[in-house]
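# Examining the three-dimensional arrangement
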Amino acid sequence: MNYADLTNAGMNVDEFLKRLMGKESLLNHFIASFLKDSNFSRLKTAILNNDTDNAIAASHALKGICGNMSINTLFDLFTAQVILLRNGEWDKAIAMMPEITAVYEKITAAFNKWLEQQTN
Amino acid sequence: MSSLRKRLLIVDDSVIDREILKNILQDNFEIMETDNGYNALEIISKNIPHIDAVLLDISMPVLDGFNVLRLMKENGIDKTPVILITSEATKENVQKSSQYSNVSHFISKPFNAGVILPRLLTMFNIDASGASTPEKDSYLSKSNTEEISQYIEALRELFKACLINRGMDDSRYIRTSDLMEIVLKEYSRSSDAAGLDNNNIMLISQAAYFYDIGSILIPYNLMEEKNLTSNDRVLYESHTSLGARLVQLNTSPSCSHFIKICEDMCLHHHERFDGQGFPNGLKGQNNYFYTQLCRLISEFDSIFIGRKSFNEYQFDFVLKEITIDSGIFDPKAIDLLIKCKESVILYYSSSSSDIFNNIF
């Protein structure tokens, strides 16, 4: 399979497949699960409401998911954001959101395109 | 094949992380999962089915991993080993975990299958090449064998005494155990059954004798009644977990392997291959093959024993009758029983009368 679009969007597909014990057939399932995951909207809501606890929880959850799915660019961003949130550097954490959102949207667009290609 | 594998409970609020970890481990372990600490505590405290280790995420909403550990300790349910999952193996986390003697390892996120799997296999002394076959464990030393025999004998006496009080005997269960032995001997010749040696055949066959021991703990009429009220149905279905609880009362490490087999047969002998059974709705190979085999054999016997003659025609007739509903049994178990047709017919035809005493 050609994973170029996924790789360009920031996912290390080979690394993720290793974590899936080489079961390529599971790739679509996890991509669909990522698209259904609600933590990103939870993070945005928490930031709008100045809700630190929920922001930390959502950003931390996204860090775990992105790390396990080898979406490494987003993983690095959420890792940095969690540190800022835990250190009480709220403004700096919020300031990361445009970059995080851009990368997040890039990966979700690549995921949607991937799933469309698989069904056609 | 589905063998008697160690059972792990994954506790993580992220479904994606749970599924990835499950995928790494499921070829070698039986996996249960939950998304929160309170459910985890309930599962661990009931210990039915028995949990061999808990993989516990530290960061969870509502009740985090450390609070789960604290409550396990406070409630005296902290014998189960815990492996902590964290994306931050900080000094603080390591220090906090040191208060809990049941924390054995840390697993870091993102998961590294090359580290996690060998670590857990080593933890349970499972041979990586033979993966999950506890048949290879060296649990059958001479002293263990004696202790297991004593336990089986004591449990058998108890079971028999209760059956006698109900005007029954144990012939049905003797037959289940005997048939299990016949079928397992055949199974041991297949490539699927690596490690199924004579000792294991003996142990699994003896465990099959007790699969219905929970029936003595509920009113007798419920076992026979066809039209149960909803309350009675709950009570009736509880004979599975009660039986499992009863055999678990022995906590001797020497008997643990036998008890695990026995507990599983007690708890899951009403599961169906299509997942529509009880108590857990285990589907397909999620239910141990030996337990599925035990159910098939006991149901086959309950009808076959009532035939006027034991021959190939009657064998085929009974097998057809119990498999009309194709969702009950594992096709592999059915095939195995068919392979043993000749031996099974011979067993019924040539056995002494003590296996036929109580036909019901």
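Residues numbered from 1 in each chain as written. Chains lettered and ligands numbered in written order. Predicted model: local features only at pLDDT ≥ 70, side-chain atom pairs only at ≥ 80, totals over all residues. Heavy atoms only, no water.

### Digging into helix α8 (residues 198-208) of chain B
Selection rule: When a residue's accessible area, from a 1.4 Å probe over protein chains only, is under 20% of the maximum for its type it is buried; when over 50% it is exposed; and in between it is partly exposed. Only DSSP runs of H or I covering at least 4 residues are called helices, and only runs of E covering at least 2 are called strands; the numbering of each starts at the N terminus. Contacts described as polar in this section are N or O atom pairs within 3.5 Å, which, within protein, must combine one atom able to donate a hydrogen with one able to accept it, while residues neighboring in sequence count only if both atoms come from side chains.
Those residues of α8 of chain B that fall on the buried side of the exposure criterion are N200, I201, L203, I204, S205, A207 and A208 of chain B. By the N-cap criterion, in which a side-chain oxygen at the helix start approaches the backbone nitrogen of a residue two or three places on, α8 of chain B is capped by D197 of chain B, the distance to N199 of chain B being 3.3 Å.

### Comments concerning the sheet that holds strand β3 (residues 53-57) of chain B
Residue and element names in this part refer to chain B. Cut-off, in case you're wondering: A pair of strands is considered paired only if DSSP assigns at least 2 bridges between the two. Working convention: axes come from line fits to C-alpha atoms, limited for helices to the stretch in contact. Angles between N-to-C directions cover 0 to 180 degrees. Whether two residues touch is decided by their heavy atoms; if any such pair falls within 4.5 Å, the residues are in contact.
In spatial order, the strands read β2-β1-β3-β4-β5; together these 5 strands make up an open sheet with parallel pairing. Of all strands in the sheet, those bounded by a partner on one side alone are β2 (30-34) and β5 (103-108). Strand-to-strand, the axes of this sheet are offset by a mean angle of 20 degrees, without reference to chain direction. Across the face of the sheet, helix α2 (residues 37-46) comes into contact with β1 (7-11), β2 and β3 while running at roughly 160 degrees to β1.

### Regarding the packing of aromatic side chains
All names here are of chain B. Worth spelling out the cut-off: Stacked, tilted and edge-to-face pairs are distinguished by plane angle, under 30 degrees for stacked and over 60 for edge-to-face with tilted covering the rest, among Phe, Tyr and Trp rings (Trp via its six-membered ring) whose centres lie within 6.5 Å.
One pass over the full model with this rule turns up 24 aromatic pairs over all chains. Geometrically, the ring pair formed by Y236 and F278 is edge-to-face, given 6.0 Å between the ring centres and 65 degrees between the ring planes. With Y236 in helix α10 (residues 230-248) and F278 in the loop between α11 (256-268) and α12 (289-304), this residue pair connects regions lying 42 residues apart in the sequence. Just as Y236 is buried, F278 falls in that class too.

### Notes on the confidence of the model for chain B
Keep this limit in mind: You can read pLDDT as the predictor saying how much it trusts each residue, on a scale of 0 to 100.
On average, chain B scores 85 in pLDDT, and the residues at 70 or more come to 90%. For the stretch residues 128-140 of chain B, pLDDT sits under 50, and the model shows 32 contacts to residues farther than four places along the chain or on other chains.

### Brief notes about the nonpolar core
One broad rule of soluble globular proteins: the nonpolar side chains tend to lie buried together. Where we set the bar: The criterion is simple. A nonpolar core is a set of buried Ala, Val, Leu, Ile, Met, Phe, Trp, Tyr and Cys residues joined through side-chain atoms within 4.5 Å.
Formed by 62 residues in total, the largest nonpolar core has its most connected members in L6, M11, F34, M69 and L74 of chain A together with L25 and L55 of chain B. Top element by residues in this core is helix α8 (residues 97-119) of chain A. It accounts for 8 residues. Discounting chain neighbours no more than four positions away, the residues touching F34 of chain A are I65, C66, M69, I71, L74, Y104, I107, T108 and F111 of chain A together with I16 of chain B. Counting residues in hydrophobic clusters, the runner-up holds 61 residues, among them I216, V247, V318 and Y348 of chain B.

### With respect to helix α5 (residues 113-123) of chain B
We count it as follows: This arc is built from the directions going out from the helix axis to the C-beta atoms.
Those residues of α5 of chain B lying buried are A113, I116, L117, L120 and L121 of chain B. The arc enclosing the buried residues of α5 of chain B, seen along the axis, measures out at 120 degrees, which places them on a common side. Away from its buried face by more than 90 degrees, α5 of chain B exposes G114 and T122 of chain B. Those residues of α5 of chain B hidden inside the fold are in contact with α2 (13-19) of chain A together with β1, α1 (15-25), β3, β4 (82-86) and β5 of chain B. In this structure N112 of chain B caps α5 of chain B, since a side-chain oxygen of it lies 3.0 Å from the backbone nitrogen of G114 of chain B. Downstream of α5 of chain B by one or two residues, N125 of chain B has phi in the positive range, about 55 degrees.

### Observations regarding the side chain of T240 of chain B
Topologically, T240 of chain B is positioned in helix α10. In this structure T240 of chain B touches C266, L267, H269, H270, F278 and P279 of chain B, once residues within four positions along its chain are discounted.

### Brief notes about the pairing of β3 of chain B
Residue and element names in this part refer to chain B. Using the following cut-off: Orienting the strands away from the viewer, one traces the path from the first strand over the helix to the second; a clockwise path indicates a right-handed crossover.
The element β3 is extensively covered by neighbouring structure, given that 5 of its 5 residues are classed as buried. Of the two faces of β3, the one lined by A53, L55 and D57 and the one lined by V54 and L56 are each fully buried. Both β1 and β3 contribute to a ladder of 4 bridges, which runs parallel. In the strand pairing of β3, V11 is matched with L56. As defined by bridge partners, β3 adjoins β4 across 4 bridges and the pair is classed as parallel. Across the sheet, residue L56 finds its bridge partner in β4, namely L84. Following the backbone out of β3, through helix α3 (residues 65-74) and into the adjacent parallel β4, one traces a crossover that is right-handed.

### Some remarks on the interface of chain B and chain A
Note the threshold: Note on definitions: buried area is the accessible-area loss of two parts on being combined, 1.4 Å probe, summed for both. Here a salt bridge means any side-chain nitrogen of Lys or Arg lying within 4 Å of a carboxyl oxygen belonging to Asp or Glu. The nonpolar class holds Ala, Val, Leu, Ile, Met, Phe, Trp, Tyr, Cys and Pro. Asp, Glu, Lys and Arg form the charged class, and all remaining residues, Gly among them, are polar.
Between chain B and chain A, the residue contacts involve 17 residues of the former and 21 residues of the latter. Between chain B and chain A, roughly 1,600 Å² of surface is buried when both sides are summed, and carbon and sulfur atoms account for 57% of that area. For the interface between chain B and chain A, the tally reads 1 salt bridge. Between K23 of chain A and D27 of chain B there is a salt bridge, and its shortest N-O distance comes to 3.7 Å. Linking chain B with chain A are 8 residue pairs in polar contact (both at pLDDT 80 or more), by the criterion used here. For the side of chain B that touches chain A, the secondary-structure elements that each account for two or more residues are α1 and α5 of chain B. Element by element, the count of residues in the side of chain B that touches chain A is highest for α1 of chain B, at 6 residues. Its residues placed into classes, the side of chain B that touches chain A shows 7 nonpolar, 5 polar and 5 charged.

### Here's the deal with the environment of D51 of chain A
All names here are of chain A. Here D51 lies in the loop between α4 (39-48) and α5 (52-68). Look at D51 and you get partly exposed, because its relative accessible area is 26%. Within polar-contact distance, the side chain of D51 engages the side chain of N54 at 2.8 Å.

### Focus: the pattern of salt bridges
Following the criterion strictly, the structure yields 24 salt bridges over all chains and no others. Where K92 of chain A meets E89 of chain A, a salt bridge forms, and the shortest distance between an N and an O atom there is 3.1 Å. The salt bridge involving D325 of chain B is made with R272 of chain B; its shortest N-O contact spans 2.9 Å. With D325 of chain B in the loop between α13 (312-322) and α14 (331-339) and R272 of chain B in the loop between α11 and α12, this pair connects stretches of sequence that are 53 residues apart.

### With respect to unusual backbone geometry
Cis rather than trans, the peptide bond between K109 of chain B and P110 of chain B has omega equal to -5 degrees. Looking at where P110 of chain B falls in the secondary structure, it is placed in the loop between β5 and α5. Cis geometry marks the peptide bond from F278 of chain B to P279 of chain B; its omega dihedral reads 10 degrees. Relative to the assigned elements, P279 of chain B resides in the loop between α11 and α12. The phi dihedral of M21 of chain A is positive, around 55 degrees, even though this residue is not glycine. Turning to its location among the elements, M21 of chain A is positioned in the loop between α2 and α3 (27-36). A positive phi angle is found at V62 of chain B, which is not glycine, with a value near 70 degrees. Residue classification places V62 of chain B among the exposed residues on the basis of a relative accessible area of 76%.

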